[in-house]
Amino acid sequence: MTNGVTRLDTRFAQLAAENRKAFVAFLTAGDPDVATSAAIIAGLPKAGADVIEIGMPFTDPMADGPAIQASSLRALKAGQTLVGTLKMVRQFRENDDSTPIVLMGYYNPIYYYGPEKFVAEAKEAGVDGLIVVDLPPEEDEELCLPALRGGLNFIRLATPTTDDARLPDVLKNTSGFVYYVSIAGITGSAAPQKTAVAANVARIKSHTDLPVVVGFGIRTPEQAHDIASIADGAVVGSVLVEAVAQNLDAQGKALPELVDHVLLLASQLAAGVNKT
Amino acid sequence: MDGTNSYREGPDENGRFGLYGGRFVAETLMPLILDLEKAYGTAQQDPAFDAELVDLQTHYVGRPSPLYFAERLTEHYGGAKVYLKRDELNHTGSHKINNCLGQILLAKRMGKTRIIAETGAGQHGVAVATVAARFGLPCTVFMGATDIERQKPNVFRMKLLGADVRPVTSGAGTLKDAMNEALRDWVANVDNTFYIIGTVAGPHPYPAMVRDFQSIIGKETKVQMQEREGRLPDTLVACIGGGSNAMGLFHPFLDDKDVDIIGVEAGGLGLETPDHAASLAGGKPGVLHGNRTYLLQDDDGQIIEGHSISAGLDYPGIGPEHAFLRDSGRVTYVSATDKEALEAFQLITRLEGIIPALEPSHALAYVGKIAPKLPKDHLLVMNMCGRGDKDVFAVAEHLNIDL
């Protein structure tokens, strides 16, 4: 269990009370540059994001498809670092103390920085939860347990390959919410099948009281609606970072309309999630 | 390690060699590597598995590979007696086939119907394509676009063998990127696909399993040296990218304390430059491709592309057991530069009539540094882990010769 209550816990309790679903918006920190990225993130709550998932760029994002790989590399090329990402969160918190922020990434930059130090600084910066793709329950000592002790949620991915025998191990130290990966595959690839996802969400819910949010392969407001209707929320990432990529000039610099375009798309997706 | 004096007991039940190794993979893959660990454990207990493997090693690969006394090299150096373990004479031209046969037999036992692999120099890719053809399984090999360009003969061999060679353009288009792409494919094809990793890296049980399949190199060497010289060798030398040929030679000797063991990393343009692939000499512990090990990385924990003249060595990591053996001091790790390897390549070709791959040319370059200073009764074994056919075009280019 996470030590203390996070903004994620509060937000999901609120959403449940209002009978609403969560729209979780993913973007990569520092893509295509720090200022543009900060402007997008600052605008996401107003665009309807209930939770913001910020990707910590890594050179070797093994679970990600081409869109998020490319966004990571754009961010790294623009000079984004782990410390820079924490700084972005700190600045966001100056104007927003309620929207939960989840950092998503791969373990190596955190390991290199020092897991205990990272947890302490992330908490202080205003981070609420972590998703670290390459840390399964077998490696909980590395970061999951320090994060829980340090007051951060540790959000685990459950996947179509996580069977009933394994599910309790996966859920054991999970907090905040459970992220159900809708397909066996990488981000931004095949579209999820609603019936299969519904069965798996129900299966997970029979093991836990945590909210279950579904991601991978959700690209349109309609898909977001479909998936959110059978879960507690939907994560959308690849299509948003693709919108970043589509609003760059030939040199890779942000066009003036980039932020507005991405936020417009986010608001359409948010509307899809809670369409009645 | 724990309470005993053995260096050969790793990994522990969590796949750790001391600090290194482990299972740092996405949840989607976790059930698969647990299945693999179980299936490998069962196979190890089954005499029929071993019997089939031995039969193929003997009649298909041509094992045991000779332990050859390199008389003219020895004369040239004027010191230690230099023996070459001739794994370049294996079917497909390198040690890679040893591991591929073991893994494809396992794939068959597990009922898998599709094979994937990554490759750098193409030696592993060719070995995988070969066993896939032999066992009638479709096979996809991921290879960096840069490597495809510098290893054309191997690319064509894989295609002839029926493999689908997929160029990988992400990153620098080399081995690391090919491995990322193979992992992505595996995640998307979990039901039917077996991933044949080519080196002693990746999530547990791969480092231990690949080591076990390669250990035949060291086991044969022990017996052969006993027959030739009536004793153990004094020094072992092998090149290291991920480190599978080296681990195969070293592992059976780790507890023979009088045997000096030396691994040679790719020094590229020199360790003082950023252009090398010496993860132990120039890297720091980190987590990539399922295991913790020494990695070439920057101050933000981002992975740096390795550089080497040899496409088989320019990986920014190294097998976790090598990381453990380095920290424990049991094995000494050094490096040789592109230039030194190229010189050694030409030397052995002229003196022994053996055209080596650029990978073991690194090992030979280091042999050339120590052999002259060692006494004449000193027995040195170098692992000649691959032949150089695949490299002749690249070497010609480096020597400014137009073919």
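Our subject is the structure listed above.
This is a predicted model, so every value here is computed, not measured.

Draft legend 1. Spatial organisation of the interface of chain A and chain B. Each partner contributes residues to the interface: chain A has 35 residues there, and chain B has 38 residues. Between the two partners, chain A and chain B, sit 5 salt bridges. Its salt-bridge partner being Arg166(A), residue Glu27(B) comes within 2.8 Å of it at the nearest N-O pair. Linking chain A with chain B are 20 residue pairs in polar contact (both at pLDDT 80 or more), by the criterion used here. Tallying contributions element by element places helix α5 (residues 107-113) of chain A first for the side of chain A that touches chain B, with 5 residues. Across the side of chain A that touches chain B, the residue classes tally to 19 nonpolar, 9 polar and 7 charged.

Draft legend 2. Layout of the sheet that holds strand β2 (residues 51-55) of chain A. Residues and elements named next belong to chain A. Strand order in the open sheet formed by 9 strands is β5-β4-β3-β2-β1-β9-β8-β7-β6, with parallel pairing between adjacent strands. Since the sheet does not close on itself, it has two edges, and those belong to β5 (153-154) and β6 (157-158), each with one partner. Against the sheet, helix α9 (residues 194-205) contacts β6, β7 (178-181) and β8 (212-215), and its axis sits at roughly 150° relative to β8.

Draft legend 3. Representation of the packing of aromatic side chains in the model. In total, this model carries 12 aromatic pairs over all chains according to the counting rule given. Relative to Phe24(B), the ring of Tyr107(A) has its centre 5.9 Å away and its plane inclined at 15°; by these criteria the two rings are stacked. Placement of the pair is Tyr107(A) in helix α5 and Phe24(B) in strand β2 (residues 20-24), with the two residues belonging to separate chains. The exposure classification of Tyr107(A) matches that of Phe24(B), with both residues buried. Between the aromatic rings of Tyr40(B) and Phe213(B), the centroid separation amounts to 5.7 Å while the plane-to-plane angle is 65°, which identifies the pairing as edge-to-face. A residue pair is termed long-range when its members are at least 10 positions apart, and Tyr40(B) in helix α1 (residues 30-44) and Phe213(B) in helix α9 (residues 206-214) qualify at 173 residues. Classification of Tyr40(B) as buried rests on a relative accessible area of 7%. For Phe213(B), a relative accessible area of 5% corresponds to the buried category. Here the aromatic residues Tyr107(A), Tyr111(A) and Phe24(B) are joined through ring pairs into a cluster of three or more.

Draft legend 4. Region of the structure containing the nonpolar core. All names here are of chain A. Among the nonpolar cores identified, the biggest contains 157 residues, and Leu44, Leu103 and Leu130 are the most heavily contacted of them. For this core, the leading source of residues is helix α12 (residues 258-273), giving 9 residues. When near neighbours in sequence (up to four residues on either side) are disregarded, Leu44 contacts Ala25, Leu27, Ala49, Ile52, Leu263 and Ala266.

Calculation criteria
Residues numbered from 1 in each chain as written. Chains lettered and ligands numbered in written order. Predicted model: local features only at pLDDT ≥ 70, side-chain atom pairs only at ≥ 80, totals over all residues. Heavy atoms only, no water. Contact = heavy atoms within 4.5 Å. Salt bridge = Lys/Arg side-chain N within 4 Å of Asp/Glu carboxyl O. Polar contact = N/O pair within 3.5 Å; in protein donor to acceptor, adjacent residues only side chain to side chain. Helix = DSSP H or I, 4+ residues; strand = E, 2+ residues; numbered from the N terminus. Nonpolar A, V, L, I, M, F, W, Y, C, P; charged D, E, K, R; others polar. Pairing = 2+ DSSP bridges. Axes fitted to C-alpha atoms, helices over the stretch in contact; angles between N-to-C directions. Phe/Tyr/Trp six-rings, centres within 6.5 Å; stacked < 30°, edge-to-face > 60°. Buried < 20%, exposed > 50% of the residue type's maximum accessible area, 1.4 Å probe, protein only. Core = buried A, V, L, I, M, F, W, Y, C linked by side-chain atoms within 4.5 Å.

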